[in-house]
Amino acid sequence: MEKEMINQLIDTAIHQLKYSYTPYSNFKVGAALLAKNWQVYTGCNIENAGYTATNCAERTAFFKAVSEGVKDFQAICVVGGKAGVLTEYAAPCGVCRQVMMETVKRQGKPFEVILCGPDDAIVISDCRLLLPFAFDGSDIPS
């Protein structure tokens, strides 16, 4: 992926931090999901006092895209930190990694994950590196 596109995704993800609803942890996360059609879908984390009802930024972006009929993706950028300040890399949780793997398994090709910290970005060329031995549709008996 070109550096210009990576920078655009980083800027978009950082912009999403201001929309995070995090009254409990104050750990804000923003995401920018790049679809195959070059449209970018955004997300932020949304907390809830019943923690299982909380939704991560990555899943918010995926669910927004899918709810609009988009199901093919190229990459996602994830940023985050306390009070919205990037002090470390905000790696996707296990549930978000599983959602990403659904995309990879369906498309049959790598999906990039971009994590941005305070000084630089890491591009993970294939999200399968984040969730080896992932559960997928082939694991469900028909």
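Residues numbered from 1 in each chain as written. Predicted model: local features only at pLDDT ≥ 70, side-chain atom pairs only at ≥ 80, totals over all residues. Heavy atoms only, no water.

Is there a simple way to explain the packing of aromatic side chains in this structure?
The relative placement of two aromatic rings is captured by the distance of their centres and the angle of their planes. Applying the stated rule across the entire model yields three aromatic pairs. With centroids separated by 6.3 Å and ring planes inclined at 75°, the aromatic side chains of tyrosine 24 and tyrosine 51 adopt a geometry described as edge-to-face. Of this pair, tyrosine 24 sits in the loop between helix H1 (3-16) and strand E1 (27-35) while tyrosine 51 sits in the loop between strand E2 (40-44) and helix H2 (57-67), and the two are 27 residues apart along the sequence. Take tyrosine 51: its relative accessible area is 55%, and that puts it in the exposed class. For the pair phenylalanine 62 and phenylalanine 73, a centre-to-centre distance of 5.1 Å together with 80° between the ring planes defines the contact as edge-to-face. Taken together, the residues span a long stretch of sequence, with phenylalanine 62 in helix H2 and phenylalanine 73 in strand E3 (residues 73-82) at a distance of 11 residues. (Phe/Tyr/Trp six-rings, centres within 6.5 Å; stacked < 30°, edge-to-face > 60°. Helix = DSSP H or I, 4+ residues; strand = E, 2+ residues; numbered from the N terminus. Buried < 20%, exposed > 50% of the residue type's maximum accessible area, 1.4 Å probe, protein only.)

Whenever I open this one, the side chain of asparagine 45 confuses me. Can you help?
Residue placement: asparagine 45 occurs in the loop between E2 and H2. In this structure asparagine 45 comes out as buried when scored by relative accessible area, which is 8%. Side-chain polar atoms of asparagine 45 contact the backbone nitrogen of valine 29, separated by 2.8 Å. If we skip the residues at most four places from it in the chain, asparagine 45 touches Ser20, Tyr21, Thr22, Phe27, Lys28, Val29, Asn55, Cys56 and Ala57. (Polar contact = N/O pair within 3.5 Å; in protein donor to acceptor, adjacent residues only side chain to side chain. Contact = heavy atoms within 4.5 Å.)

How do you make sense of the confidence of the model for the protein when you look at a structure like this?
As a general rule, the predicted coordinates of low-pLDDT regions are not to be interpreted in detail. For the protein, per-residue confidence averages 93 on the pLDDT scale, and 100% of positions sit at 70 or higher. No element of the protein has a lower mean pLDDT than helix H3 (residues 94-107), which averages 87, and none a higher one than E2, which averages 98. (pLDDT = per-residue confidence, 0-100.)

Explain H3 here, please?
An α-helical turn contains 3.6 residues, so a residue and the one three or four places further along point in the same direction. With 14 residues, H3 extends 20 Å from end C-alpha to end C-alpha; this agrees with the ideal 20 Å at 1.5 Å per step. Those residues of H3 that are buried are in contact with H2, E3 and strand E4 (112-116). Where H3 ends, the next residue or the one after it, glycine 108, has phi of about 70°, a positive value. (Expected span 1.5 Å × (residues − 1).)

Could you clarify how one ought to interpret the sheet that holds E2 in this entry?
Hydrogen bonds along the backbone pair up the strands of a sheet, which may run parallel or antiparallel. Spatially, five strands are ordered E2-E1-E3-E4-E5 in an open sheet, and the strand pairing comes out mixed. In this open sheet, the two edge strands, each paired with only one partner strand, are E2 and strand E5 (121-124). Strand-to-strand, the axes of this sheet are offset by a mean angle of 15°, without reference to chain direction. Two strands pair when backbone bridges link them, and E3 and E4 are joined in this way by four bridges, in the parallel orientation. Bridged to alanine 75 within E4 is glutamate 112. Packed on one face of the sheet, H1 meets E1, E2, E3, E4 and E5 and runs near 140° to E1. With respect to the sheet, H2 is in contact with E1, E2 and E3, its orientation differing from that of E2 by roughly 140°. (Pairing = 2+ DSSP bridges. Axes fitted to C-alpha atoms, helices over the stretch in contact; angles between N-to-C directions.)

Where do I start with the pairing of E2 in this structure?
Remark: a regular strand shows side chains that alternate across the two faces of the sheet. Burial within E2 is extensive, with four of its five residues counted as buried. Sheet topology places E1 next to E2; five bridges connect them, and they run antiparallel. Pairing of alanine 31 across the sheet is with glycine 43, part of E2. Hairpin remark: E1 followed by E2, antiparallel, with four residues in the connecting loop; positive phi at tryptophan 38, about 75°.

Please explain the nonpolar core as it appears in this structure.
Side chains of nonpolar character tend, in soluble globular proteins, to be buried together. Formed by 24 residues in total, the largest nonpolar core has its most connected members in Leu33, Phe73, Ile76, Phe111 and Val113. Elements supplying a minimum of two residues to this core: E1, H2, E3, H3 and E4. When residues no more than four places from it in sequence are discounted, the contact partners of phenylalanine 73 are Leu33, Leu34, Ala35, Lys36, Phe62, Ala65, Val66, Thr103, Arg106, Gln107 and Phe111. In this structure, Ile10, Leu34, Ala75 and Ile114 belong to the second largest nonpolar core, which totals 14 residues. (Core = buried A, V, L, I, M, F, W, Y, C linked by side-chain atoms within 4.5 Å.)

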